[in-house]
Amino acid sequence: QVQVVESGGGLVQPGGSLRLSCEASGFPSDYYAIAWFRQAPGGQRELVAVITSGGITNYADFVKGRFAISRDNAKNTVYLQMNNLKPEDTAVYSCNLYTSVRTYWGQGTQVTVSS
């Protein structure tokens with residue numbers, strides 16, 4: 001059974017950094033991408049970054065140059081390095097694993113950017 005677990009969220013000051021982790025257990029052989037999404041209070045869920053099984057990455061315009069998505073295949077883990085964080089980055093960050101049949105969501109991790 002596939003499970004996706006996020007970690008690494010917390011409280012950070014503006015300009016600070018955090019690294020989020022998304023670990024997938026029972027990793028499906030037909031996965032083709034993992035994406036990070038975020039949802040702020042009262043807001044809609046929005047795509048932050050995605051990495052394909054082939055290593056191609058893509059980012060939302062609002063994080064380009066500040067965030068970086070990467071993966072460690074040996075650990076079945078995808079990371080989201082977030083630098084120069086802004087108060088508007090405050091949200092619950094969730095990762096989604098895409099396969100040919102369905103997607104798998106984690107429970108999310110809270111990121112709060114505040115002084």
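Relevant structure appears above.
Because the structure is a prediction, the values reported are computed rather than measured.

Calculation notes
- Residues numbered from 1 in each chain as written.
- Predicted model: local features only at pLDDT ≥ 70, side-chain atom pairs only at ≥ 80, totals over all residues.
- Heavy atoms only, no water.
- Disulfide = S-S within 2.5 Å.
- Helix = DSSP H or I, 4+ residues; strand = E, 2+ residues; numbered from the N terminus.
- Buried < 20%, exposed > 50% of the residue type's maximum accessible area, 1.4 Å probe, protein only.
- Core = buried A, V, L, I, M, F, W, Y, C linked by side-chain atoms within 4.5 Å.
- Phe/Tyr/Trp six-rings, centres within 6.5 Å; stacked < 30°, edge-to-face > 60°.
- Pairing = 2+ DSSP bridges.
- Axes fitted to C-alpha atoms, helices over the stretch in contact; angles between N-to-C directions.

**With respect to the state of the cysteines**
If you walk through the whole model with that rule in mind, you get one disulfide. One disulfide bridge connects cysteine 22 with cysteine 95, the sulfur atoms lying 2.0 Å from each other. The disulfide joining cysteine 22 to cysteine 95 has a torsion of about 75° about its S-S bond and is therefore right-handed. Linking cysteine 22 in strand 3 (residues 18-25) with cysteine 95 in strand 9 (residues 91-99), this pair joins segments that are 73 residues apart in sequence. Owing to a relative accessible area of 0%, cysteine 95 belongs among the buried residues under this scheme.

**Quick notes on the nonpolar core**
The biggest cluster of nonpolar side chains holds 28 residues, and the ones touching the most others in it are Ile34, Trp36, Val48, Phe67, Leu80, Met82 and Tyr93. The set of elements that each furnish at least two residues to this core consists of strand 3, strand 4 (31-39), strand 5 (46-52), strand 7 (67-72), strand 8 (77-82), strand 9 and strand 11 (109-113).

**Some details on the packing of aromatic side chains**
Counted under the stated rule, the structure contains two aromatic pairs. Relative to tyrosine 98, the ring of tyrosine 32 has its centre 6.1 Å away and its plane inclined at 40°; by these criteria the two rings are tilted. Of the two residues, tyrosine 32 is situated in strand 4 and tyrosine 98 in strand 9; the sequence distance between them amounts to 66 residues. Among the residues examined, tyrosine 32 registers a relative accessible area of 43% and is labelled partly exposed. Geometrically, the ring pair formed by phenylalanine 37 and tryptophan 105 is tilted, given 5.1 Å between the ring centres and 55° between the ring planes. Highlighted residues: phenylalanine 37 in strand 4 and tryptophan 105 in strand 10 (residues 103-105), separated in sequence by 68 residues.

**Some remarks on the sheet that holds strand 3**
The antiparallel open sheet is built from four strands, whose spatial order is 1-3-8-7. The open sheet terminates on both sides in strands that have one partner only, identified here as strand 1 (3-7) and strand 7. Strand-to-strand twist of the sheet, defined as the mean angle between neighbouring strand axes without regard to direction, takes the value 15°. Two elements, strand 7 and strand 8, share six bridges in a ladder whose sense is antiparallel. Bridging from a neighbouring strand, phenylalanine 67 pairs with methionine 82 of strand 8.

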